[in-house]
Amino acid sequence: MRTQLLMSALKRSASTAAGSFASASSGPERKVAILGAAGGIGQPLSLLMKLNPLVSSLALYDIAGTPGVAADVSHINTRSEVKGYVGEEQLGEALEGSALIIIPAGVPRKPGMTRDDLFNINAGIVKSLCIAISKYAPNALVNMISNPVNSTVPIAAEVFNKAGTYDEKKLFGVTTLDVVRAKSFYAGKAKVAVEEVNVPVVGGHAGITILPLFSQATPKANLPDEEIKALTKRTQDGGTEVVEAKAGKGSATLSMAYAGAIFADACLKGLNGVPDVVECSYVQSSIIPDLPFFSSKVKLGKNGVEEVLDLGPLSDFEQQGLESLKAELKSSIEKGIKFADAN
């Protein structure tokens, strides 16, 4: 369904008919800001958000390079107006009036790096951006892509809480790439059409904290236990697979941009009152005791999170995976909170 949406957007963008975007342009005005728009994820994400007819204004921010990205993307004949912003002095203007802020800013993973290796650099970047968000766009939905998401979302929550602007319904860790991978890998093994596949992925967004629930996958396929275990492992190691394949020249930028665009579209639909919009996301949650942040299916609405949905029935293998991830995820959450409190 989500794939079809983006494909239809692509088709619409190719049309030059005067009425092509009539229905879209009559919708609500929605400004979207992308922080880190000139980076490896930011550039393709900017392109995909320019194709989304729900976006009326697109603000592209980075420490360098955004005038060129904005000029390039602005030539695409779709609804949104595009502006580029460079440097800290222009950050406030980029943020003001935003309904949705997407943060892919930070350094990418390189061979041999774990998400924790990224922490010291990206944690500081995320904190400074969130301080600005609390000042200039305190009511916006925030989609966190910057890794390690298991820690950067708690950092953002602490920053917003200190500023008095925290709304747990409006902060999301984007784990959609885990879902995208799980769908693709499952479809290949189950020999089913990938566009019909749905696989919830819960937990966190790094290594063993990523827990795809293949027992709940649809269409149903009776895959052997060995294949389920292999699919789980591949989903957990998907980022490493891409880093190694790119041989030191990048990480999962294109698939992450696609996943980011899918989740952003869901958020915009929720804001616009579209019913029954459900995606997996890493949010403040009470589903698992001692884990204040957890990824599960979330119903999106006009104020962000409308409802955090239960995990549903788990297989024995998935229950073991849930128990195994708890310690690592708790440590990552505490690491983020500690950083925010100490800096």
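Residues numbered from 1 in each chain as written. Predicted model: local features only at pLDDT ≥ 70, side-chain atom pairs only at ≥ 80, totals over all residues. Heavy atoms only, no water.

Topic: the pattern of salt bridges
In step 1: In this structure the tally under the stated criterion is 8 salt bridges.
In step 2: As a salt-bridge pair, Arg-79 and Glu-29 come within 3.5 Å of each other at their nearest N and O atoms. One end of the pair, Arg-79, is in the loop between helix 4 (66-74) and strand 3 (81-86); the other, Glu-29, is in the loop between helix 2 (22-25) and strand 1 (31-35), and 50 residues separate them in sequence.
In step 3: Glu-323 is the salt-bridge partner of Lys-326, the closest N and O atoms lying 3.1 Å from each other. One end of the pair, Lys-326, and the other, Glu-323, are both in helix 12 (residues 316-342), 3 residues apart, so they sit about a helical turn from each other.
In step 4: Judged by its relative accessible area of 26%, Lys-326 is partly exposed.
In step 5: Three or more residues joined by partner-sharing salt bridges are found here, namely Asp-276, Lys-299 and Glu-306. (Salt bridge = Lys/Arg side-chain N within 4 Å of Asp/Glu carboxyl O. Helix = DSSP H or I, 4+ residues; strand = E, 2+ residues; numbered from the N terminus. Buried < 20%, exposed > 50% of the residue type's maximum accessible area, 1.4 Å probe, protein only.)

Details of the confidence of the model for the protein chain
In step 1: With 91% of its residues at a pLDDT of 70 or more, the protein chain has an overall mean of 92.
In step 2: Note on residues 9-26: pLDDT is under 50 here. Beyond four places in sequence and across chains, it has 18 contacts. (pLDDT = per-residue confidence, 0-100. Contact = heavy atoms within 4.5 Å.)

What to know about helix 6 (residues 119-136)
In step 1: Here helix 6 is 18 residues long and its end C-alpha atoms lie 25 Å apart, about the 26 Å a rise of 1.5 Å per residue gives.
In step 2: Taken together, the buried positions of helix 6 are Phe-119, Asn-122, Ala-123, Val-126, Lys-127, Leu-129, Cys-130, Ala-132, Ile-133 and Ser-134. (Expected span 1.5 Å × (residues − 1).)

Some thoughts on the packing of aromatic side chains
In step 1: Applying the stated criterion across every chain, the model contains 4 aromatic pairs.
In step 2: For the ring pair Phe-119 and Phe-339, a centre distance of 5.5 Å and an interplane angle of 85 degrees mean the geometry is edge-to-face. Placement of the pair is Phe-119 in helix 6 and Phe-339 in helix 12, with a sequence separation of 220 residues. Each of the two residues, Phe-119 as well as Phe-339, counts as buried. (Phe/Tyr/Trp six-rings, centres within 6.5 Å; stacked < 30°, edge-to-face > 60°.)

As for the environment of Asp-265
In step 1: Of note, Asp-265 is situated in helix 11 (residues 254-271).
In step 2: For Asp-265, a relative accessible area of 2% puts it in the buried group.
In step 3: Measuring from C-alpha to C-alpha, the distance between Asp-265 and Asn-52 comes to 7.5 Å, with 213 residues separating the pair along the chain.

Observations regarding unusual backbone geometry
In step 1: In this structure, Pro-148 follows Asn-147 across a cis peptide bond, with omega equal to 0 degrees.
In step 2: Here Pro-148 is to be found in the loop between strand 5 (141-144) and helix 7 (149-163).
In step 3: Thr-218 connects to Pro-219 through a cis peptide bond whose omega is -5 degrees.
In step 4: As for its position among the elements, Pro-219 is in the loop between strand 8 (210-212) and helix 9 (225-236).
In step 5: Phi is positive for Lys-191, close to 60 degrees, though the residue is something other than glycine.
In step 6: Within the secondary structure layout, Lys-191 lies in the loop between helix 8 (176-190) and strand 7 (201-203).
In step 7: Given a relative accessible area of 71%, Lys-191 falls into the exposed group.
In step 8: A positive phi angle, near 75 degrees, is found at Asp-290, a position not held by glycine.
In step 9: Counting through the fold element by element, Asp-290 comes out in the loop between strand 9 (277-284) and strand 10 (293-301).

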